[in-house]
Amino acid sequence: MCPHSEEPAAWHDASLDFSKDMSYSDYLALDQLLAAQHPLSPEHNEMLFIIQHQTSELWMKLMLHELRAARDHIGQSLLGPSFKMLARVSRIMDQLVQAWTVLATMTPPEYTAMRPYLGKSSGFQSYQYREIEFILGNKNAAMLSPHAHHPERLAHVQKALETPSLYEGAIQLLARKGLAISAERLNRDPTKGTEYDPSVEAAWLQVYRDPTHYWDLYELGEKLVDLEDSFRQWRFRHVTTVERIIGFKRGTGGTDGVSYLRKMLDVVLFPELWRLRTNL
Ligand code: HEM
Ligand SMILES: N[C@@H](CC(=O)c1ccccc1NC=O)C(=O)O
């Protein structure tokens, strides 16, 4: 009963006996999920480092779920659902951009104390991140090597390398809608990363110069630019946070560290969609 009234407590009708029914924790497999954090160091701040990455990887799992579905819908010219999926992916990326404020609470001495325990491990070896880069067209077969020892992870990245990217699907859609794309571009090796093509820019320019006629393609173009905009912000927040925490030390993954990550800021996923803005 409520302490000061005759009314039953607000939670009075809540289900309380889960001996025979699925509960919140059962449905979310929380026993497994919350038992998956294994700090290697005695440092207080390692839990932050682990959970920051595990939550990022869960968001990446959802991004891939949505990106694969968006690519399938674009392949079937079903653009409405693909727009919703791409918008969701951009919002997830925004979430990952904001998440850097939590990790930025880790100071250099705190990270330095736990860094030796990381060995050669690095986000460079994130197979979900690599799949995301690949499905967006930033492909590089060399990035399979860190997974060569692990058949299941290798299969994920290998499949992503061999499957035409989401942007490839958008270019094929432009051609299906009657826009002139070069035969060489339409028949390009899907394992190769996206490279600027003048016929693709000319096609996007035709769309952006007549949005009323090509509204669905125009909206697809802007959804892709939204996504790359958010991705660029993620890359920038990562390199800035890294510089805050390890300066210009070499990375545990073997790269030059911040120097390498700064080069990644120059990656352009959808080159023609950015170049057309200059020529519109
Ligand atoms: C203290 C925090 C962090 C530091 C010092 C750091 C440092 C680095 C460095 C130096 C690299 C270059 C590869 C290497 O040599 O290791 C890298 C790559 C990477 N990191 Fe981080 N990182 C941090 C946090 C994160 C977080 C929270 C994520 C989220 C998933 C992340 C994801 C990645 C990814 C995906 C790459 C590969 C990037 C690419 O190849 O373009 N990192 N990180
Ligand atoms: N490359 C980082 C180490 C690192 O960032 C890391 C290590 C293990 C698991 C996730 C990591 N985060 C992203 O790269 C460093 O050089 O300190």
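Residues numbered from 1 in each chain as written. Chains lettered and ligands numbered in written order. Predicted model: local features only at pLDDT ≥ 70, side-chain atom pairs only at ≥ 80, totals over all residues. Heavy atoms only, no water.

Enquirer: What is the right way to look at the coordination of the iron atom of ligand 1 in this model?
Expert: Each angle at a metal carrying four tetrahedral donors should ideally be 109.5 degrees, and each at a metal carrying six octahedral donors should ideally be 90 or 180 degrees. No protein donor other than His 238 (NE2) coordinates the iron atom of ligand 1, and that contact is at 2.3 Å. One way to put it: the six donor atoms around the iron atom of ligand 1 meet at angles of 82 to 177 degrees, and that makes the site octahedral. Relative to the elements of secondary structure, His 238 occurs in helix α11 (residues 215–246). (Donors = N, O, S within 2.8 Å, 3.2 Å for Na, K, Ca; no water. Tetrahedral: all angles 85-135°; square planar, octahedral: opposite > 155°, others 65-115°. Helix = DSSP H or I, 4+ residues; strand = E, 2+ residues; numbered from the N terminus.)

Enquirer: Could you clarify how one ought to interpret the UniProt feature "binding site: substrate" (unreviewed entry) in the chain in this entry?
Expert: Per the UniProt record, "binding site: substrate" (unreviewed entry) is found at Phe 49, Ile 50, Ile 51, Gln 52, His 53, Tyr 111, Arg 115 and Thr 252. None of the other annotated residues line the second largest pocket; only Ile 51 do. Mapped onto the elements, Tyr 111 comes out in helix α5 (residues 108–114). In contact with Tyr 111, other than residues within four places in its own chain, are Phe 49, Met 106, Leu 118, Ile 245 and Ile 246. Relative to the helices and strands, Thr 252 resides in the loop between α11 and α12 (258–264). You can call Thr 252 partly exposed: its relative accessible area is 22%. Among the polar contacts made by the side chain of Thr 252, one reaches the main-chain carbonyl oxygen of Ser 121 at a distance of 2.7 Å. (UniProt positions renumbered as here; feature names shortened; annotations may be inferred. 1 Å grid on protein atoms, 1.4 Å probe; cavity = no way out; pocket = protein on both sides within 12 Å on 5 of 7 lines; lining within 4 Å. Contact = heavy atoms within 4.5 Å. Buried < 20%, exposed > 50% of the residue type's maximum accessible area, 1.4 Å probe, protein only. Polar contact = N/O pair within 3.5 Å; in protein donor to acceptor, adjacent residues only side chain to side chain.)

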